[in-house]
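Tertiary structure, described
Read off the chains here:
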Amino acid sequence: LSSQLFVGGRRTTIVSDLAWGYTIRAIQLLGPVSVKFFQWAATRRDIFPPNLCDRLSVLHDRGYPHSFSWTQKTLTEAFGDYQNKGLVIEDVIGCGSAAQVYRGTLRTLKTTETNSDDTNNTNNNRNNDDGASYRQVAVKVLHPNFQESVQRDLLFIEIMADFLNSLPSEHLKMLNLPRAVEEFSVVLRDQSDLTIEAKNLRQFRTNFYKDSERNEEQSHIVFPQPVDGWVSSKVIVEDYVHNATPIAKFLYDSSEEGMKTRKELAGPLLRAFLKMVFMDNFIHGDLHPGNVLVKTVQVPVTPSLWQSLFSLAPSSDSSTPESEQSDETTTKHSIVFLDAGIAISLSPNDQKNLIDLFRAVIFNDGNRAGRLMVERAKHERCSQVEGCVDAFSEGIADIVSDFHDRRKEGLTLGAVRIGVLLSRVLDLCRIHGVEIDPAMASVVISTLVLEGLGRSLSPDLDLLHFAKPFVLGRGKV
């Protein structure tokens, strides 16, 4: 039992592997809520030991698989004779806490209008002589009893929240736990209905591409396209994203080329999240590494304006054929966001508070941000206590000054931990009785997860350089 093995470059024991296998299975059996928590913990290498994060990271994309007979049963209930309608299920490509994902092929008539995603990936669509078009798809099927498990977990949490709220404690009542649980319940129930995920994917595509094929082709952000007529509460069929690998595979490449790629990936990832938060107010709420892929393709080099003008000028040297001049390509990395079942939108007041807080970090004016937060709060007892508004505003100012002072270090992701800043703000709200909408807390959790991922990719990115345009409403992905 004490025999030691080398796994992934680290020394481990058979006993340890068995114990962790049991632990992971126990976490999965506890239900979707516990899995979500430990998925978050796996991204926080700045808080938890690397070995713990490595062990927990299997929860991102290695859930407990269900049988193919369940998949067949679910597909038949949703679409009838799905095979005769043109859907062929192939191999399993992923298994998460909520669902199992297959690669498949969908047969459609040539006259059927294809979506814009087909134009970006020639491997996605092929025509045959039988008058049909074949496209590769990803088929996501909920696990057995997943919806029932969510209801069970939420019922327990609701009972606990009501009990704690009934206790004679002003601080507990100020937390408004029943309302927080109600908001959280909506989020988890949304994830158990794949028609909502399809709706969210379409909204993200509209936000990022503005319904323009050209914008989609040029974008470094990819959201899969759900296939019309192939969506139900337990199944979603969407375009398969080719040439994509989990972003986690890039985190361990510390070579010179690897670090260059990691920095290249961190930019669009961070800008996409900032756009969701500050410009769209529609935020992907499940951004663990298992839901983020990197698509790598070779694309033609686009000539600059001067090169285009020069090519129009008469030239006496015509020895280079035109076909050879246009063969140059470059590598394009795109961020692929999956599993959009959880999407968060802030109330107008909370969005203003978040923008003001980031403005305060940029312009070092935390006192004003604190006073605005009290004025806009739906429920607060701070203004009823003498000196409380001043104390709260000064507390916000201190937090902002602490982070603003780190500009001397460059204000990079490594130097400034935005998740910690937001967590300290929420703590201050709790102490002084300034209620924050639970959706705001959800954004904080999403920021914590993305921050951990961003820091793993490239801790030297200049955070102000990315955040300032979005906070001021002029950011571009």
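Further up the page is the structure itself.
Anyway, here's the lowdown on the structure attached to this text.

**Description of the sheet that holds strand β13 (residues 329-337)**
- Within the open sheet, the 4 strands sit side by side as β7-β13-β12-β10. Their pairing is mixed. At either margin of the open sheet sits one strand with a lone partner, and together these are β7 (221-222) and β10 (244-246).
- Pairing between β10 and strand β12 (residues 292-300): 3 bridges, direction antiparallel. Within β12, the position partnered with Ala244 by the bridge is Lys295.
- Those strands touched by helix α11 (residues 256-280) are β7, β12 and β13, and its axis lies near 45° from that of β13.

**Focus: the pairing of strand β6 (residues 132-142)**
- Of all 11 residues in β6, 11 are buried; the element is thus mostly enclosed.
- Going residue by residue along β6, you find Ala132, Tyr134, Gln136, Ala138, Lys140 and Leu142 tucked away on one face and Ser133, Arg135, Val137, Val139 and Val141 tucked away on the opposite face as well.

**Considerations on the nonpolar core**
- Residues Phe223, Phe278, Phe337, Phe392 and Ile396 are the most contacted members of the largest nonpolar core, which totals 77 residues.
- For this core, the element with the most residues is α11, which contributes 10 residues.
- Not counting residues within four places of it along the chain, the set of residues in contact with Phe223 comprises Leu201, Phe204, Arg205, Phe208, Tyr209, Met276 and Phe337.
- Counting 15 residues, the second largest nonpolar core, distinct from the first, contains Leu87, Val137, Val227 and Trp230.

**What to know about unusual backbone geometry**
- Within the chain, Lys210 stands out as a residue other than glycine whose phi angle is a positive 55°.
- Among the secondary structure elements, Lys210 is positioned in the loop between α9 (194-209) and α10 (213-218).
- Given the relative accessible area of 53%, Lys210 is considered exposed.
- With a phi close to 50°, Asp339 is a non-glycine residue in the positive phi region.

**What about the environment of Ala397?**
- Its location among the elements puts Ala397 in helix α16 (residues 388-404).
- A C-alpha to C-alpha distance of 8.3 Å links Ala397 and Ala360, two positions 37 residues apart in sequence.
- In contact with Ala397, other than residues within four places in its own chain, are Gly366 and Asn367.

**Some points on α9**
- For α9, spanning 16 residues, the distance from its first C-alpha to its last is 22 Å, which sits close to the expected 22 Å at 1.5 Å a residue.
- Positioned one or two residues after α9, Lys210 has a phi angle of 55°, which is positive.

**Thoughts on the side chain of Arg135**
- By secondary structure assignment, the location of Arg135 is in strand β6.
- Looking at Arg135, the relative accessible area reads 8%, which means it is buried.
- Among the polar contacts made by the side chain of Arg135, one reaches the side chain of Asp239 at a distance of 2.7 Å.

**Side note on the side chain of His284**
- Structurally, His284 can be placed in strand β11 (residues 283-284).
- Here His284 falls in the buried class, since its relative accessible area comes to 0%.
- In this structure the side chain of His284 is engaged in a polar contact, spanning 3.1 Å, whose partner is the backbone nitrogen of Asp286.
- At 2.7 Å, the side chain of His284 forms a polar contact with the backbone oxygen of Leu338.

**Things to note about the packing of aromatic side chains**
- For the structure shown, the criterion picks out 6 aromatic pairs.
- With a centroid separation of 4.8 Å and an interplanar angle of 55°, the aromatic rings of Phe204 and Phe282 are classed as tilted. Linking Phe204 in helix α9 with Phe282 in the loop between α11 and β11, this pair joins segments that are 78 residues apart in sequence.
- Put simply, the rings of Phe204, Phe208, Phe223, Phe282 and Phe337 touch in pairs and so form one group of aromatic residues.
- The side chain of Lys275 reaches across the aromatic face of Phe208, ending 5.2 Å from its centre.

The rules behind these values
Residues numbered from 1 in each chain as written. Predicted model: local features only at pLDDT ≥ 70, side-chain atom pairs only at ≥ 80, totals over all residues. Heavy atoms only, no water. Pairing = 2+ DSSP bridges. Helix = DSSP H or I, 4+ residues; strand = E, 2+ residues; numbered from the N terminus. Contact = heavy atoms within 4.5 Å. Axes fitted to C-alpha atoms, helices over the stretch in contact; angles between N-to-C directions. Buried < 20%, exposed > 50% of the residue type's maximum accessible area, 1.4 Å probe, protein only. Core = buried A, V, L, I, M, F, W, Y, C linked by side-chain atoms within 4.5 Å. Expected span 1.5 Å × (residues − 1). Polar contact = N/O pair within 3.5 Å; in protein donor to acceptor, adjacent residues only side chain to side chain. Phe/Tyr/Trp six-rings, centres within 6.5 Å; stacked < 30°, edge-to-face > 60°. Lys NZ or Arg CZ within 6 Å of the ring centre and 35° of its normal.

Read these as spatial facts, not as claims about activity.
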